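Coordinates in review
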Amino acid sequence: MLENLKRYKIILASNSPRRRELLAGLGIDFEVKVLPFINEDYPIGMPVADIAEYIAREKADAYRRVMLSDNLIITADTVVIVGDEVLGKPLDVSDAHRMLRKLSGKTHQVVTGVCLTTFEEQRHFSVATDVTFKVLTDEEISYYIEHYRPFDKAGAYGIQEWIGYVGVTGLRGSYFNVMGLPVQRIYTELKNF
C-alpha cells in the first residue's frame, strides 16, 4: 500500500514492544534500532503539550549522526498530562502508586510526539487523546502494579492491560495513541512522504 516507501529502509527507534506491534500492523517492513543513552530532557517552562514532540525530535537528531542515506527513522515519545503535570515513566512502586492515584477519577491527556526523518526531510507532529479513569481503589492500584509492573509506561499504565479494562470509562481520540503510537496519523504522513 505504501509503495512510495520502497526506496527507504524504515527504522523504528524504540525498544517498546507495543510500538513494534502497532507499526507492524501497518503492513510495512521495518527493523528496530535503538541507540543507548538518548537524552529525554526538555526545557523548563516548555508548554506541556509540546514536550513529547520536542523529545521525539531530539531522539531523531541523535540518530542523524548514524543514519544512512536510504534510512527513514521513526522516533516517538509519549507523555501523560494531568492538569499541568507531566507524568513520565515511574521510578519505582511508590512513584507508580502516586501516578495512578493522581489519574484516579480524572480525565487526563496522553500525547505522543512522532518524528519521521530522512536525509532529505523531517516531519514531526503530535497526537493527543483524552482518557478518563473511574475512581481507582488502592487495592486495584496495588493489584495492577504487582501483576503488570508498569514501570516502562508513561503515567504508570497500559490501556491495553487490566487497568484499562477495569478503569477506563471514557476515551476521546486515538486508542492506539494511548498505547504509544498514533498509527493512523503515521500512515497518513508516510503515504504523503
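Here is a short report on the structure shown in this document. In every chain, residue numbers begin from 1 and rise along the written sequence. Per-residue local features of the predicted model are confined to residues with pLDDT of at least 70, and side-chain atom pairs are confined, for both listing and counting, to 80 or more; whole-chain, interface and lining totals are unaffected and use all residues. Side-chain figures throughout are based on the complete set of non-hydrogen atoms in the structure, without hydrogens or water.

1. Remarks on the pattern of salt bridges
Put simply, the test is: Any Lys or Arg side-chain nitrogen located within 4 Å of an Asp or Glu carboxyl oxygen qualifies as a salt bridge. Per the convention used, a helix needs a DSSP run of H or I reaching at least four residues, while a strand needs a run of E reaching at least two, with both numbered from the N terminus. Buried, partly exposed and exposed residues are distinguished by accessible area as a fraction of the type maximum, computed with a 1.4 Å probe on protein chains only: under 20%, between the cut-offs, and over 50%, respectively.
This model, assessed by the stated rule, comprises 16 salt bridges. Measuring nitrogen to oxygen at the nearest pair gives 3.3 Å for the salt bridge that ties Arg18 to Asp152. With Arg18 in helix α1 (residues 17–24) and Asp152 in the loop between α4 (138–148) and α5 (162–167), this residue pair connects regions lying 134 residues apart in the sequence. Accessibility expressed as a relative area gives 13% for Arg18, which makes it buried. Take Asp152: its relative accessible area is 37%, and that puts it in the partly exposed class.

2. Let's talk about the environment of Arg98
To be explicit about the condition: Residue contacts are counted whenever heavy atoms from the two residues lie within 4.5 Å of one another. Two N or O atoms form a polar contact when they lie within 3.5 Å of each other; inside protein one atom must be a possible hydrogen donor and the other a possible acceptor, and for residues adjacent in sequence the pair counts only when both atoms belong to side chains.
Turning to its location among the elements, Arg98 is positioned in helix α3 (residues 93–103). Considered as a pair, Arg98 and Ala156 are 58 residues apart in the sequence and their alpha carbons are 9.2 Å apart. Each residue touching Arg98, except ones within four places of it in the same chain, is listed here: Glu85 and Leu87. In this structure the side chain of Arg98 is engaged in a polar contact, spanning 3.0 Å, whose partner is the side chain of Asp95.

Purely geometric numbers; function is a separate question.
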